[in-house]
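Commentary on secondary and tertiary structure
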Amino acid sequence: MINDMYQPVTIRNAILAEHISVFESHIRKSASSHTADTYSRSLRCFLSFVMQDRKFKFRIKDFERYKAHLIETKQLKPPSIATYLTSLRRFSQYLVEAKVLPRNPAKLVHVQSNPISAIPTFFSSDELVMFFDSMDMQSMHGLRDKALFSFMLGSMLKEQELLSLTIADTQTLSINALIKLPETISEKQCEVTLPHFAKEALSSYLHKRFPEVMIQDAPLFHSLSNRSLGLRMSVRGLRDAFQKRMRKSGISPERQKVLSPYSLRHTAGCIMALAGKDIEHIMQRMRIVSPSIAQRYVNVTQQAHEAGLHQALHMLDYNH
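Just so it is clear, the structure is predicted and the values come from calculations on it, not from any experiment.

Some remarks on the overall build of the protein
Each helix and strand counted, the protein has 14 helices and two strands in total. The burial tally for the protein puts 48% of its 320 residues in the buried class. Pairs at least 24 residues apart make up 64% of the contacts formed inside the protein by residues separated by at least 6 positions. Working note: accessible area of the protein is about 16900 Å², and carbon and sulfur atoms make up 51% of it.

Things to note about the confidence of the model for the protein
Mean pLDDT over the protein stands at 85; residues scoring 70 or higher make up 88%. Mean pLDDT in the protein bottoms out at strand 1 (residues 177-180), which sits at 53, and peaks at helix 5 (residues 125-133), which reaches 95. Predicted confidence is poor over residues 183-187, with pLDDT under 50, and the contacts of this stretch with residues over four places away or in other chains come to seven contacts.

A look at the packing of aromatic side chains
For any pair of aromatic rings, the description consists of the separation of the ring centres together with the inter-plane angle of the planes. Applying the stated criterion to the full structure yields 21 aromatic pairs. A ring pair is formed by phenylalanine 123 and phenylalanine 131, whose centres lie 5.6 Å apart and whose planes are at 50 degrees; its orientation type is tilted. With relative accessibility at 0%, the residue phenylalanine 131 sits in the buried group. For the ring pair phenylalanine 131 and phenylalanine 132, a centre distance of 5.3 Å and an interplane angle of 70 degrees mean the geometry is edge-to-face. For the pair phenylalanine 131 and phenylalanine 132, a shared accessibility class is recorded, and that class is buried. Taking NZ or CZ as reference, arginine 296 lies 5.7 Å from the ring centre of tyrosine 297, over its face.

Some remarks on unusual backbone geometry
Despite not being glycine, lysine 99 has its phi angle at roughly 65 degrees, a positive value. Unusually for a residue other than glycine, methionine 156 sits at a positive phi of about 65 degrees. Within the element layout of this structure, methionine 156 appears in the loop between helix 6 (140-155) and helix 7 (159-163). Exposure remark for methionine 156: the relative accessible area of 0% places this residue in the buried category.

Considerations on the environment of serine 204
Looking at where serine 204 falls in the secondary structure, it is placed in helix 8 (residues 196-209). Overall, serine 204 belongs to the partly exposed group, its relative accessible area being 39%. The sequence separation of serine 204 and leucine 143 amounts to 61 residues, and the corresponding C-alpha distance is 6.9 Å.

Observations concerning the pattern of salt bridges
Any two side chains of opposite charge can pair, so long as their charged atoms come close to each other. With the rule as written, the count across this model stands at 11 salt bridges. Where arginine 59 meets aspartate 62, a salt bridge forms, and the shortest distance between an N and an O atom there is 2.9 Å. Each member of the pair, arginine 59 as well as aspartate 62, carries the same accessibility label: buried. Through salt bridges that share partners, Asp53, Arg59, Asp62 and Arg65 make up one connected network.

Details of the environment of proline 79
Turning to its location among the elements, proline 79 is positioned in helix 4 (residues 78-97). Classification of proline 79 as exposed rests on a relative accessible area of 57%. C-alpha of proline 79 to C-alpha of valine 111: the two residues are 32 residues apart in sequence and 8.6 Å apart in space.

Digging into helix 1 (residues 13-30)
With 18 residues, helix 1 extends 26 Å between its outermost C-alpha atoms, agreeing within 8% with the 26 Å of an ideal straight helix rising 1.5 Å per residue. On its buried face, helix 1 sits against helix 2 (33-53) and helix 4.

Overview of helix 8
With 14 residues, helix 8 should cover 20 Å at 1.5 Å per step; its first-to-last C-alpha distance of 20 Å lies within 8% of that length. Buried within helix 8 we find Phe197, Ala198, Ala201, Leu202, Tyr205, Leu206 and Arg209. Buried positions in helix 8, seen along its axis, are confined to an arc of 160 degrees and lie on one side of it. On its buried face, helix 8 sits against helix 6.

A short note on the side chain of arginine 89
Structurally, the position occupied by arginine 89 is in helix 4. Of the buried charged residues, arginine 89 lacks a salt bridge, with glutamate 64 as the closest side chain of opposite charge at 9.4 Å. Polar side-chain contacts of arginine 89 include one of 3.2 Å to the side chain of threonine 86. In this structure, arginine 89 is in contact with Ala82, Asn104, Ala106, Lys107, Val109 and His110, ignoring residues within four places of it in sequence.

Structural notes on the side chain of glutamate 24
Tracing the backbone shows glutamate 24 in helix 1. Side chain to side chain, glutamate 24 and serine 40 meet in a polar contact 3.2 Å long. Residues in contact with glutamate 24, not counting those within four places in the same chain, are Ser40 and Arg44.

Each value, and the rule that gives it
- Residues numbered from 1 in each chain as written.
- Predicted model: local features only at pLDDT ≥ 70, side-chain atom pairs only at ≥ 80, totals over all residues.
- Heavy atoms only, no water.
- Helix = DSSP H or I, 4+ residues; strand = E, 2+ residues; numbered from the N terminus.
- Buried < 20%, exposed > 50% of the residue type's maximum accessible area, 1.4 Å probe, protein only.
- Contact = heavy atoms within 4.5 Å.
- Areas by Shrake-Rupley, 256 points an atom, 1.4 Å probe, with all protein chains shown as cover.
- pLDDT = per-residue confidence, 0-100.
- Phe/Tyr/Trp six-rings, centres within 6.5 Å; stacked < 30°, edge-to-face > 60°.
- Lys NZ or Arg CZ within 6 Å of the ring centre and 35° of its normal.
- Salt bridge = Lys/Arg side-chain N within 4 Å of Asp/Glu carboxyl O.
- Expected span 1.5 Å × (residues − 1).
- Arc of directions from axis to C-beta.
- Lys, Arg positive; Asp, Glu negative; His and termini not counted.
- Polar contact = N/O pair within 3.5 Å; in protein donor to acceptor, adjacent residues only side chain to side chain.

Below, the structure is given as structure tokens:
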């Protein structure tokens, strides 16, 4: 624990809630909706903690106690804890600039980050088959999810990048087509190579969804829930759909705990390494700036082969 040299500051719950609301409105004007939602969720958690704690006075030890709450009570993983603390540091700095706090003690509170795993979590060949076979191609839910997760594996786009796309973004999509992601997601065009199996899944989904005329500015992947039917699918909706498919797939409960939508991206990286692609190719396709991160996929080539991923090379249009 860092020596606490900060004087206690008491802010009434109602006043703190008002400051959070004002801060959230500023964030929504300058950040993506996903980032703004993350800040909102984390700060509501913080406000709830302060209201229950009843002794939070914006000292280092108070922020450390909140971090312990995230670890022990909320049982969040280090990446989530880091996100929550980042939101809190930004909010605390806002309070400093608003002359509510004299300093920002939150900037001295950090979470122990885990070193980058030497073995990315990826699907085996059998698990890929089980996962995609869990999707009913006679229903809109099944067609959407098959297109969504095939696109995710084939394009290697991240969740928010994928969900930001509109119908118009895919009208000229072909091998080596360029997609311009919204500036809130990326300021650069990225080269997206969509393999045949993903293009087929996307085509089936879109023709079912738009039997006559496609609406160009409609979100590429839409929500099918009652509350947000037809609207842009959310990250939470994507993750819920992933978990639903995992439960139906028959993949073991132990593996279900470690596999995530991001595992599809890792799987694509492993498939590229198995296909003999070099570090530069992997970096370009996955838009990775660090060679050491791309090197991880080459390092696990043997494990990927043992997992049968050589049988999945066709999924990225690589030959066996």
